[in-house]
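# Descriptive structure summary
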There are 2 protein chains.
Amino acid sequence: MRCEVLAVGTELLLGQIVDTNSAWIGEELARAGIETYRHVRVGDNQARIVDSMRSLLASSDALIVCGGLGPTPDDVTREAIAEVMNVDLHRDPEIVEFIRALFGSRGREMSGNNERQADVPEGATVIPNPIGTAPGLRCPIGHKVVYAVPGVPYEMQLMMTEHVLPDLLERSGERATIRSRTLKTWGVAESTLAEMIGERVDVQTNPTIAFLARGIEGIAVRVTAKAASEAGAQELLEAEEVALRAILGDLVFAADDETMESVVLGLLRERGLTLGIAESLTGGLVGARICNVPGASDVFRGAVVSYSEGVKRSVLGVTAATQVSEECARQMAEGARKALDADVGLSTTGVAGPDPMDGEPPGVVYFGMQIGDAPAEAVRVQLPGDRERVRQFSAISLLSLLRTRLAAIPPDSPTLPPGG
Amino acid sequence: MRCEVLAVGTELLLGQIVDTNSAWIGEELARAGIETYRHVRVGDNQARIVDSMRSLLASSDALIVCGGLGPTPDDVTREAIAEVMNVDLHRDPEIVEFIRALFGSRGREMSGNNERQADVPEGATVIPNPIGTAPGLRCPIGHKVVYAVPGVPYEMQLMMTEHVLPDLLERSGERATIRSRTLKTWGVAESTLAEMIGERVDVQTNPTIAFLARGIEGIAVRVTAKAASEAGAQELLEAEEVALRAILGDLVFAADDETMESVVLGLLRERGLTLGIAESLTGGLVGARICNVPGASDVFRGAVVSYSEGVKRSVLGVTAATQVSEECARQMAEGARKALDADVGLSTTGVAGPDPMDGEPPGVVYFGMQIGDAPAEAVRVQLPGDRERVRQFSAISLLSLLRTRLAAIPPDSPTLPPGG
């Protein structure tokens, strides 16, 4: 069973709206075990909608057309479907009344335009839209089927969940359950991952394994399993996860919805440690990431964004001669612990660019870290990219650094080991 | 001249990544006056990539293929293009060396896989990638052309701007100069904008006017003018900008590359004021936005992320009984001025959710502001959305609040007016 997706709307081609509907539909189809090979976007042009429908239907069993069901003259999906079905449109009086009532309930007059939304191709059945004026359409074409759903995400999602997906599953007679798990890696090139687990990626058909580049967030390894039952799918996933973790080990920092910051907060919590941060280069990015984790407040004390040298000295007690140096990074970490009364102190200082600073080129960043009363340590890195990239990359690099250091401390350790 | 877009990646079909690249490319093509009729997404499957390339090329002059240039075995865009061109791939030793050097500069070993990224179809020319390992490709096919660009947005955008778009314009023989200007509005609904300038949007053909929804960043009004010369285009743009600003007035907070934070920094600089921030709810987001503006350091002193109550009291001197209150917001703003030795103090405190706090529901946020020695003021708002949205929305709301307050202060005012 294969179902393709056609998104209709000139605003999609012009980039005025990002086509999130196709992504949502694609995810739901995959979850339902229905294959999808091609997603197409066309503008509000009947001839091109017809062409795309024909070419997509030629190589698949079903097609979901999303958008172009509005009341305005440029909404021509209904006409396009009638042309492909080679039938006429008839106006359904019940739908006209439903739309009129909907307008009435909102204290508005129905415009003549809206009657067009009651036009139904001969032989098609109506998919009710309880929350909008645009009904959906289920249109059999030979042994294939076309579903028309509105472009309004919430209305589309309701119709997909309650009508289209169940109908597709019934047609496919498919009973398989598809589940996936994502293992997140950071600080390793995709090519290196491919060499470590490439064989499993190439050979396996169930579960399948794919790499997902996540930009500064690293590279995710997605495992997707298909089985007759939920339990069977989970069993396949768990077996594969064990095998992959055995190979990738510490490179995997999180799974599924976990993030670098949620993992770091968890490690701190397990060890009963609180966190304080001094941010210069990152200007608050590290704190902002951490605060996005619900419940962060039991571990995260706060941060000092010491963007000016004066604040570094007055609030953090930095005495280092230069702001971009190991000494400054160490003193900032120490100052963060003191000023924020935290067990663990972190710091970032460096050159975001575009200009050099303290004799260092853009991209040079120093990370400082002090855990307990152990001596503060500092790490120097040279990061690629522009100002924004250097800062974003610095934030996750610092969290990753803390993660690996914390992982080396047993949760039940009575005292903290010396740093360095 | 028509150019279509083919996005390659199974993760796009499965909805694990939303295809924002095609939207970005579509917007740039429209801006350049190049038509685009169909955008297609296919998975990492050579046969289907080849089919889609052929069908898209059949009805257009040019095609941009985005993605599938990575080092792993499932990246087969290079092979697909060679098949469509009906030529062999040859490995370019210069590119191999460039990639090896790139790895070296990051202190990493290049894996054998990466050499695949140096494969070039016979007759294609390489589009350099200064910031990544995947070079782009310019592939003539008869009198048509296929461009291959990486799926990493940042790398793709650089190649599009510097190589693909100029090359397309040259091929199109387009002599007209197309320029656009974006007026950014914030805090007003699209329907309201449409009522204010809808007529100009509907009637005008040159310059054209379009609304671009920018999420929490507001709604942009993009003016695009076409003329025989640069000067002519600029003249049209300026005339339209004057007309639009006359209608929209203060709703326009920035133009083109300006951001809310760059505008606020400019207003502070003109008035010789320095800024200090106390962030609770936003956790560093406001500071992070401000630090992303080059040269922020001459105005921005820093921030205190007082996520824990203890830090509010010890570092900022807050005495308010509850952390989510007008009094706390005012005291945080005052504390930020003192602790960071700044002229202007800002603060955020509130409930990001999911749980209520201090008897306030999620979404309730207090903003504090103190300008000079005037009494600190506080504003209470109730924001929609989830945790992340509430925090992001709070950051820009606070900056917008400061912008309007500063705009009311003449740049040359000897003394600061009372707040409140």
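Quick caveat: nothing in here was measured; it's all calculated off a predicted structure.

### Overview of the sheet that holds strand E15 (residues 344–350) of chain B
With mixed pairing, ten strands are arranged side by side in an open sheet as E17(A)-E16(A)-E15(A)-E13(A)-E14(A)-E14(B)-E13(B)-E15(B)-E16(B)-E17(B). Edge positions in the sheet fall to strand E17 (377–382) of chain A together with strand E17 (377–382) of chain B, since each has one partner strand and no second. Ignoring strand direction, the axes of neighbouring strands in this sheet form an average angle of 15°. Of the strand pairs in this sheet, strand E16 (residues 364–371) of chain B and E17(B) are connected by six bridges, and their pairing is antiparallel. Counted as the bridge partner of Gly368(B) is Ala378(B) from E17(B).

### Describing the environment of Gln331(B)
Residues and elements named next belong to chain B. Examined against the element boundaries, Gln331 turns out to sit in helix H12 (residues 326–340). Exposure remark for Gln331: the relative accessible area of 14% places this residue in the buried category. Measuring from C-alpha to C-alpha, the distance between Gln331 and Leu399 comes to 18 Å, with 68 residues separating the pair along the chain. Filtering out sequence-adjacent residues up to four positions away, Gln331 remains in contact with Leu316, Val318, Thr319 and Ala320. At 2.8 Å, the side chain of Gln331 and the backbone nitrogen of Ala320 are in polar contact.

### Looking at the interface of chain A and chain B
On the side of chain B, 71 residues touch chain A, which itself brings 71 residues to the contact. When the two sides are added together, the surface that chain A and chain B hide from each other amounts to roughly 5,600 Å², 56% of it contributed by carbon and sulfur. Among the residues of chain A in contact with chain B, Leu13(A), Arg41(A) and Tyr307(A) are the three that bury the most area, contributing 11% of the side total. Run the count over chain A and chain B and you get two salt bridges. Here Arg41(B) ties to Asp19(A) by a salt bridge, and the two come within 3.1 Å at their closest N and O atoms. At the junction of chain A with chain B, the criterion picks out 31 residue pairs in polar contact (both at pLDDT 80 or more). Residue composition of the side of chain A that touches chain B, grouped by class: 31 nonpolar, 24 polar and 16 charged. Of the strand pairs in this sheet, strand E14 (residues 300–305) of chain A and strand E14 (residues 300–305) of chain B are connected by three bridges, and their pairing is antiparallel. Along E14(B), the bridge assignment pairs Val304(A) with Val304(B).

### Looking at the side chain of Asn21(B)
All names here are of chain B. By secondary structure assignment, the location of Asn21 is in helix H2 (residues 20–31). We classify Asn21 as buried; its relative accessible area is 10%. Residues in contact with Asn21, not counting those within four places in the same chain, are Cys66, Gly151, Pro153 and Met156.

### Looking at the packing of helix H7 (residues 190–203) of chain A against helix H8 (residues 230–248) of chain A
Residue and element names in this part refer to chain A. At a closest axis distance of 10 Å, the pairing of H7 and H8 adopts a crossing angle of 150°. When the axes of H7 and H8 are compared, the pair comes out roughly antiparallel. Read as a crossing pair, H7 and H8 show a hand that is right-handed. Across from Leu193, Met196, Ile197 and Arg200 in H7, the residues of H8 making contact are Glu240, Ala243, Leu244, Ile247 and Leu248.

### Notes on the pairing of E15(B)
All names here are of chain B. The buried fraction of E15 is high, at seven of seven residues. Side chains of E15 alternate between two faces, with Val344, Leu346, Thr348 and Gly350 and Gly345, Ser347 and Thr349 buried alike. Where strand E13 (residues 275–279) and E15 come together, five bridges link them in parallel fashion. Among the inter-strand pairings, Gly276 is bridged to a residue of E15, identified as Gly345. Alignment of E15 against E16, held across seven bridges, turns out to be antiparallel. Bridging across to E16, Thr349 finds its partner in Tyr366.

### With respect to the domain arrangement of chain A
Assigned domains within chain A: domain 1 (3–172), domain 2 (177–255) and domain 3 (260–407). Computed over C-alpha atoms only, the centres of domain 1 of chain A and domain 2 of chain A are separated by 35 Å.

### Thoughts on the packing of helix H2 (residues 20–31) of chain A against helix H6 (residues 153–172) of chain A
Residue and element names in this part refer to chain A. With their axes 11 Å apart at the nearest point, H2 and H6 run at an angle of 25° to one another. Put simply, H2 runs roughly parallel to H6. As for how H2 packs across H6, the hand of that crossing is right-handed. Residue-level inspection shows Asn21, Trp24, Ile25, Glu28 and Leu29 of H2 in contact with H6, the latter providing Pro153, Met156, Gln157, Met160, Thr161, Leu165 and Leu168. When grouped by side-chain class, the residues that make up the contact of H2 with H6 number eight nonpolar, three polar and one charged.

### Quick word on unusual backbone geometry
The omega torsion of the bond from Gly353(A) to Pro354(A) falls at 5°, within 30 degrees of zero and hence cis. Relative to the helices and strands, Pro354(A) resides in the loop between strand E15 (344–350) and strand E16 (364–371). Of note in the backbone geometry, Asn86(B) takes a positive phi value of approximately 60° without being a glycine. If you trace the backbone, Asn86(B) turns up in the loop between helix H4 (77–85) and strand E4 (89–91). Overall, Asn86(B) belongs to the exposed group, its relative accessible area being 69%. Residue Asp256(B) is not a glycine yet carries a positive backbone phi of 50°. For Asp256(B), the location among the structural elements is in the loop between strand E12 (252–255) and helix H9 (260–270). We classify Asp256(B) as partly exposed; its relative accessible area is 31%.

Calculation criteria
Residues numbered from 1 in each chain as written. Chains lettered and ligands numbered in written order. Predicted model: local features only at pLDDT ≥ 70, side-chain atom pairs only at ≥ 80, totals over all residues. Heavy atoms only, no water. Pairing = 2+ DSSP bridges. Helix = DSSP H or I, 4+ residues; strand = E, 2+ residues; numbered from the N terminus. Axes fitted to C-alpha atoms, helices over the stretch in contact; angles between N-to-C directions. Buried < 20%, exposed > 50% of the residue type's maximum accessible area, 1.4 Å probe, protein only. Contact = heavy atoms within 4.5 Å. Polar contact = N/O pair within 3.5 Å; in protein donor to acceptor, adjacent residues only side chain to side chain. Buried area = accessible area lost by both parts, 1.4 Å probe. Salt bridge = Lys/Arg side-chain N within 4 Å of Asp/Glu carboxyl O. Nonpolar A, V, L, I, M, F, W, Y, C, P; charged D, E, K, R; others polar. Parallel < 35°, antiparallel > 145°, perpendicular 65-115°, else oblique. Left-handed = near helix turned anticlockwise from the far one by under 90°. Domains from an automatic or database assignment.

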